[in-house]
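# Observations on the model geometry
What follows is the residue order along each chain.
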Amino acid sequence: MIQDIRMDAYDYPLPEERIARYPLPQRDDSKLLVYTDATGRRPENRKFRDLADYIPENSTMVFNETKVVPARLLFRKDTGALIEVFCLEPVEPADYPMNFASRESCLWKALVGGRKRWKSGALSLYFAPDSPDAAVLSSLAMTASLEESGPGATCLVRFAWSGGCSFSEALMHAGRIPIPPYLKRDTESIDLERYQTWYAKQEGSVAAPTAGLHFTQRELDAIDARGVARLQLCLHVGAGTFLPVKGETIADHTMHSEPFSVTRDFLRQLRARADRPLTAVGTTSTRCLESLYYLGVHCIEKGAPGTVEQWEPYRDEGYDISFSSALDALLDHLEREGLDTLSTRTRIIIVPGFRFRAIDYLVTNFHQPKSTLLLLISAFIGDAWHEVYDFALGNGFRFLSYGDSSLLQKKLLYL
């Protein structure tokens, strides 16, 4: 059974020195490992700026245009103790744009560091007196108050501030970019620019869709020159993307839920090009695109889309609906409801045994051992992931968020 997949089969030695703790000076100076039909299904070492040469002409590429927000805030108790509040997801207003536009108060689901030291009461925003933004931060007079405790360190936290600025503007002055914990360093000024894709637009992520960090306008222009259609969706990446699989098998792992949205125009263009190769930029775009199939199935079977649950793709009776038919069903639903945007959530987990319905190629970085992302790579290219990762380790590739990239083509079984 799928749930019996053992995580020790997806382990590999990753030396600490191979983890890229900082980005390269130039985004597209990163290496690109190409594993496609064009390389005879063998790994080849290229530069990321060569990517367009390996993307099929007149095909489609999908990018995640989510934007990372400075979601880490420090507050101080009357005793002087510091409490970190890590914003995870908006609650009131629940809509991301509306929440970020709030002018006086908003409510967030958050992780609270030092939770045991904060029983009740409002905390004041902490900032260094010599901070270049000290005057602005002082005028904000921002406070944080506990409204409800959840499991572990998760809480509902209400923020209140003055000065007439939006919550988005307040975060830009007061917050810190939440870089991955495995970088084992504090956020630095370079992360403000480089832990963000070139094309980021919609605020909401607390982790970057890192496959996109390599792109510059040069790559986008080269892709356009090949007649490739570039489409954008938005999946806000949550902190759950860093959750390790703690059990011996995948069965006990609870996949995190993430919100995403696509426009009706996006679905129309995707449907019109459904017979052409599709390249997903990153695992977040992949999760969203593959979730669209099951949302379309919901429309066909139940009349409306719902949340895509973790194990839904592996139900015993299977599915015999085409991706095109699923997209048609979603478009029909949006038209009936008079909606321009489909906004929903997905908890989909992609592991060996998953049948890819949407994507043919994947641009992605190199992922942690025994992670759900490595399981996704194995699902996509099969046991060849061993060859790909061995090649990367043997040829000086840098790993994880600020590391190098790869272009992979779906295993032959699904071609």
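Definitions and limits used
- Starting from 1, residues in each chain are numbered consecutively following that chain's sequence as written.
- Side-chain atom pairs in this predicted model are given and counted only at pLDDT of 80 or more, local residue features only at pLDDT of at least 70, and totals for whole chains, interfaces and linings cover all residues.
- Remark: hydrogens and water are excluded; side-chain values derive from all non-hydrogen atoms of the structure.
- Secondary structure follows DSSP: runs of H or I at least 4 residues long count as helices, runs of E at least 2 residues long count as strands, and numbering of each begins at the N terminus.
- Radius of gyration: over C-alpha atoms. The globule rule applied is 2.2 Å multiplied by the number of residues raised to the 0.38 power.
- Relative accessibility decides the category of a residue: with a 1.4 Å probe and only protein chains considered, values under 20% of the type maximum give buried, values over 50% give exposed, and everything between is partly exposed.
- For this analysis, residues touch if any pair of their heavy atoms sits within 4.5 Å.
- Accessible surface is estimated by sampling points in the Shrake-Rupley manner with a 1.4 Å probe; for residues, cover comes only from the protein chains shown.
- The term nonpolar core refers to a set of buried residues drawn from Ala, Val, Leu, Ile, Met, Phe, Trp, Tyr and Cys, joined through side-chain atoms within 4.5 Å.
- Lines fitted to the C-alpha atoms define the axes, with helices restricted to the stretch that makes contact. Angles between their N-to-C directions range from 0 to 180 degrees.
- Each angle receives one of four descriptions, namely roughly parallel if under 35 degrees, roughly antiparallel if over 145, roughly perpendicular if within 65 to 115, and oblique otherwise.
- When the near helix sits turned anticlockwise from the far one by under a right angle, the crossing is termed left-handed; a clockwise turn instead gives a right-handed crossing.
- Classification used: nonpolar for Ala, Val, Leu, Ile, Met, Phe, Trp, Tyr, Cys and Pro, charged for Asp, Glu, Lys and Arg, polar for all others including Gly.

Our focus in this paragraph is the overall build of the protein. Across its full length, the protein carries 10 helices and 17 strands. By the compact-globule yardstick of 22 Å for 415 residues, the protein fits well, its C-alpha radius of gyration being 22 Å. Taking the principal axes of its C-alpha atoms as reference, the protein extends roughly 65 × 50 × 45 Å. For the protein, buried positions account for 54% of its 415 residues. Long-range contacts, defined here as pairs at least 24 residues apart, represent 75% of the contacts in the protein between residues at least 6 apart. By element, 48% of the accessible surface of the protein is carried by carbon and sulfur atoms, the whole surface being about 17,600 Å².

What follows deals with the environment of Gly-150. In this fold, Gly-150 is placed in the loop between strand S9 (143-149) and strand S10 (154-160). C-alpha separation for the pair Gly-150 and Leu-111, spaced 39 residues apart in sequence, amounts to 9.5 Å.

Nonpolar side chains tend to gather and get buried jointly when the protein is soluble and globular. With 81 residues, the main nonpolar core has Phe-266, Leu-289, Leu-292 and Phe-399 as its most contacted residues. If you tally residues by element for this core, the top one is helix H7 (residues 283-302), at 8 residues. Of all hydrophobic cores here, the second largest spans 32 residues; its members include Ala-71, Leu-125, Met-142 and Val-206.

Before going further, it helps to spend a moment on the packing of helix H6 (residues 264-272) against helix H8 (residues 323-337). Here H6 crosses H8 at 150°, and the two axes come no closer than 10 Å. When the interaxial angle is binned, H6 and H8 end up roughly antiparallel. Seen from above, H6 lies across H8 with left-handed handedness. Contacts from Arg-264, Leu-267, Arg-268, Leu-270 and Arg-271 of H6 reach H8 at Phe-323, Ser-324, Leu-327, Asp-328, Leu-330, Leu-331, Leu-334 and Glu-335. Residue classes in the contact of H6 with H8 are distributed as 7 nonpolar, 1 polar and 5 charged.

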